[in-house]
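The lines below spell out each chain.
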Amino acid sequence: MIDLLRLGFDEGISADEIADGLRRHAGDVASEDVDELAAVLEGYLRTVPDALATALGMSKDPHFGRAVAFATGTILTYIFDEEDLLPEASFGVVGMLDDAYLVHGFVDSLRRMYPLAASAIEYAAPDARMSEVVAALLPEGVADSLRRTCESTIQVAQALFPSGQRVEAADVTFEPQLRVAEAVAAAATEPVRSA
């Protein structure tokens, strides 16, 4: 599947096509500057299949896989949504930049939150400069929202699918703890209606 996606990106993404899409929004920006920007963005977009392969590889980890798979599914829902922030039908290949920013940010967050999760895929993440360029291009506030989406999506996944990794010191498996005392205290302070 990733190979087909990679093939589609190889055939469907070019610096010239990106430059054409940018020119519609460039105003008085020099054509040479738009061409240079398009070349940077082409490299950023071309690494999306590798980023997705990394997330999918991490979803197979026996300790963190369920949480990673849940979060990855959420991210995939956004990137395959035809009516996302920058719809490809309206923006052409430039419309993939919000998707790419989300995917790269997501994999970066996964790597930070699950440093022990092994991925069989070699993924060279875009350098920070490339991500900053894309963030500067996106509508104001969007890059921050997409970064927060990555973090919160993973946090929700962690809460729903806690790690099954053993804690070395105690050699016990994690088990969610119900907070009965807190619920009793909350029920005592708020009027609760029984069914």
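Anything mentioned here points back to the structure above.
Below is a summary of the structure that appears in this document. (Residues numbered from 1 in each chain as written. Predicted model: local features only at pLDDT ≥ 70, side-chain atom pairs only at ≥ 80, totals over all residues. Heavy atoms only, no water.)

Here's the deal with the pattern of salt bridges
- Within the structure shown, the criterion is met by 6 salt bridges.
- D35 serves as the salt-bridge partner of R23, at 2.5 Å between the closest nitrogen and oxygen. Linking R23 in helix α2 (residues 15-23) with D35 in helix α3 (residues 31-46), this pair joins segments that are 12 residues apart in sequence.
- Residue class for D35 comes out partly exposed when judged on its relative accessible area of 35%.
- A network of salt bridges, in which partner residues are shared, links D20, R23 and D35. (Salt bridge = Lys/Arg side-chain N within 4 Å of Asp/Glu carboxyl O. Helix = DSSP H or I, 4+ residues; strand = E, 2+ residues; numbered from the N terminus. Buried < 20%, exposed > 50% of the residue type's maximum accessible area, 1.4 Å probe, protein only.)

Thoughts on the packing of α3 against helix α8 (residues 128-137)
- Taken N-terminus to C-terminus, the directions of α3 and α8 make an angle of 115°; their axes are 10 Å apart at the nearest point. When the interaxial angle is binned, α3 and α8 end up roughly perpendicular. Crossing angle aside, the handedness with which α3 passes α8 is left-handed. Within the contact between the two elements, α3 uses L37, V40, L41, G43 and Y44 and α8 uses R129, M130, S131, V133, V134 and L137.
- Across the contact of α3 with α8, the residue classes tally to 8 nonpolar, 2 polar and 1 charged. (Axes fitted to C-alpha atoms, helices over the stretch in contact; angles between N-to-C directions. Parallel < 35°, antiparallel > 145°, perpendicular 65-115°, else oblique. Left-handed = near helix turned anticlockwise from the far one by under 90°. Contact = heavy atoms within 4.5 Å. Nonpolar A, V, L, I, M, F, W, Y, C, P; charged D, E, K, R; others polar.)

What about the packing of aromatic side chains?
- With the rule as written, the count across this model stands at 2 aromatic pairs.
- Here F70 and F161 contribute two aromatic rings whose centre-to-centre distance is 5.6 Å and whose plane-to-plane angle is 50°, an arrangement assigned as tilted. Taken as a pair, F70 in helix α5 (residues 65-79) and F161 in the loop between α9 (142-160) and β1 (166-167) lie far apart in primary sequence, 91 residues in all. (Phe/Tyr/Trp six-rings, centres within 6.5 Å; stacked < 30°, edge-to-face > 60°.)

Let's talk about the nonpolar core
- Formed by 50 residues in total, the largest nonpolar core has its most connected members in I18, L45, F106, L110, Y114 and L138.
- The biggest single contributor to this core is helix α7 (residues 97-113), with 8 residues.
- When neighbours within four sequence positions are excluded, L138 is seen to be in contact with L86, L97, D98, Y101, A143 and L146. (Core = buried A, V, L, I, M, F, W, Y, C linked by side-chain atoms within 4.5 Å.)

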